[in-house]
Amino acid sequence: MNETTPATPATPSTSDWGAPAPARGGKRKTVVAGAAAAVLALGGGAAIWAAGSSADPDVASAAPGGGAGMGGPGGARALHGEYVVSDGNGGYTTQLTQTGTVTELSATSLTAVSADGYSKVYTIDSSLVSGVATGDTVSVVATTSGTTATAQSVRESTGEDQGPPQDGTPPGQ
């Protein structure tokens, strides 16, 4: 007689539903996850700062503190910095700002040195520096292209108004 032998049931799984999965990847996975979190946090902070740097006063006023200045602890202002703004045509331009002492001045260039020793040479139009002399403290807003910084505005400064303008436009505009 031909009898059929019943099939042996599959071996039950050793893991229980809902139990945590065994750890895989260890230290490397943790480092990658941490790096991704840091990139996201920095990108989010940059996006918030960029939104506050807008030339649109309605957008700039939405930034914490009502403005787009580069501040520090206790309201301290930046001596120099670089930032990206909209060019108004769907693109972007890199600007820099510096407050420092004029160490050299000619009809085509101005060199400023900040209190921390940072020095920058700016290409200028002589009409931007009317009344400015070597030894004066100035605030400069410039655009950059490669290694060339072209001043968009130069104004005498007391050092109390350091950092980019609060409404996102170059001083004197």
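Remember, predicted model here, so these are calculated numbers, not experimental data.

*Asks:* Give a description of the overall build of the protein chain that names residues and reports values.
*Replies:* The secondary structure content of the protein chain amounts to two helices and six strands. Ordered by position from the N terminus, the helices and strands of the protein chain form the series α-α-β-β-β-β-β-β. Going through the 173 residues of the protein chain one by one, you find that 25% of them count as buried. Across the protein chain, every contact between residues at least 6 apart in sequence was considered, and the portion connecting residues at least 24 apart equals 44%. If you sum the accessible surface of the protein chain, you get close to 11,300 Å²; carbon and sulfur atoms cover 57% of it.

*Asks:* Kindly report on the environment of Glu104, identifying the contributing residues and their values.
*Replies:* Along the chain, Glu104 turns up in strand E2 (residues 92–105). C-alpha separation for the pair Glu104 and Gly135, spaced 31 residues apart in sequence, amounts to 8.5 Å. Aside from chain neighbours lying at most four places away, what touches Glu104 is Ser109, Leu110 and Thr111.

*Asks:* Before we move on, can you summarise the side chain of Thr111 with the specific residues and values?
*Replies:* Here Thr111 lies in strand E3 (residues 109–113). You can call Thr111 buried: its relative accessible area is 8%. Apart from residues lying up to four places away in sequence, Thr111 is in contact with Thr101, Val102, Thr103, Glu104, Ser119, Lys120 and Val121.

*Asks:* Which residues make up the pairing of strand E6 (residues 148–156), and what values do they have?
*Replies:* In this sheet, E6 lies alongside strand E5 (residues 137–145) in antiparallel orientation, the contact comprising eight bridges. Considered in E6, the bridge of Thr143 is made with Thr150. Connecting E5 to the antiparallel partner E6 that follows it, the hairpin turn spans two residues, and Gly146 within it adopts a positive phi of roughly 65 degrees.

*Asks:* Break down the nonpolar core for me, citing the residues and quoting the values.
*Replies:* Core analysis: the largest hydrophobic core is formed by 14 residues, its most contacted members being Leu110, Tyr122, Val140 and Val154. With sequence-adjacent residues up to four places away left out, Tyr122 is seen in contact with Leu96, Gln98, Thr108, Ser109, Leu110, Ala112, Val140, Ala142, Ala149 and Ala151.

*Asks:* If you had to explain the pairing of E5 to someone new, which residues and values would you point to?
*Replies:* Pairing geometry for E2 and E5, over seven bridges, is antiparallel. Looking at E5, one finds that Thr97 is bridged to Val141.

*Asks:* I'd like to hear about the side chain of Gln95, residue by residue, with values.
*Replies:* Relative to the helices and strands, Gln95 resides in strand E2. Look at Gln95 and you get buried, because its relative accessible area is 9%. Excluding its chain neighbours within four sequence positions, the residues that come into contact with Gln95 are Gly81, Glu82, Tyr83, Val85, Val141, Ala142 and Thr143.

*Asks:* Outline the environment of Thr97, supporting the account with residue identities and numerical values.
*Replies:* With respect to the helices, strands and loops of the structure, Thr97 is situated in strand E2. For Thr97, a relative accessible area of 3% gives the class buried. A C-alpha to C-alpha distance of 6.5 Å links Thr97 and Glu82, two positions 15 residues apart in sequence. Looking at Thr97, its side chain comes within polar contact range of the main-chain oxygen of Val140, at 3.3 Å.

*Asks:* Go over the confidence of the model for the protein chain, please, and point to the residues and values.
*Replies:* Here the protein chain averages 73 in pLDDT, while 48% of its residues score no lower than 70. Here residues 53–69 is modelled with pLDDT under 50, and outside its nearest four sequence neighbours on either side it reaches 26 contacts, counting other chains as well. The model gives residues 161–173 a pLDDT under 50, and that stretch makes 34 contacts with residues more than four places away or in other chains.

Criteria and cut-off values
- Residues numbered from 1 in each chain as written.
- Predicted model: local features only at pLDDT ≥ 70, side-chain atom pairs only at ≥ 80, totals over all residues.
- Heavy atoms only, no water.
- Helix = DSSP H or I, 4+ residues; strand = E, 2+ residues; numbered from the N terminus.
- Buried < 20%, exposed > 50% of the residue type's maximum accessible area, 1.4 Å probe, protein only.
- Contact = heavy atoms within 4.5 Å.
- Areas by Shrake-Rupley, 256 points an atom, 1.4 Å probe, with all protein chains shown as cover.
- Pairing = 2+ DSSP bridges.
- Core = buried A, V, L, I, M, F, W, Y, C linked by side-chain atoms within 4.5 Å.
- Polar contact = N/O pair within 3.5 Å; in protein donor to acceptor, adjacent residues only side chain to side chain.
- pLDDT = per-residue confidence, 0-100.

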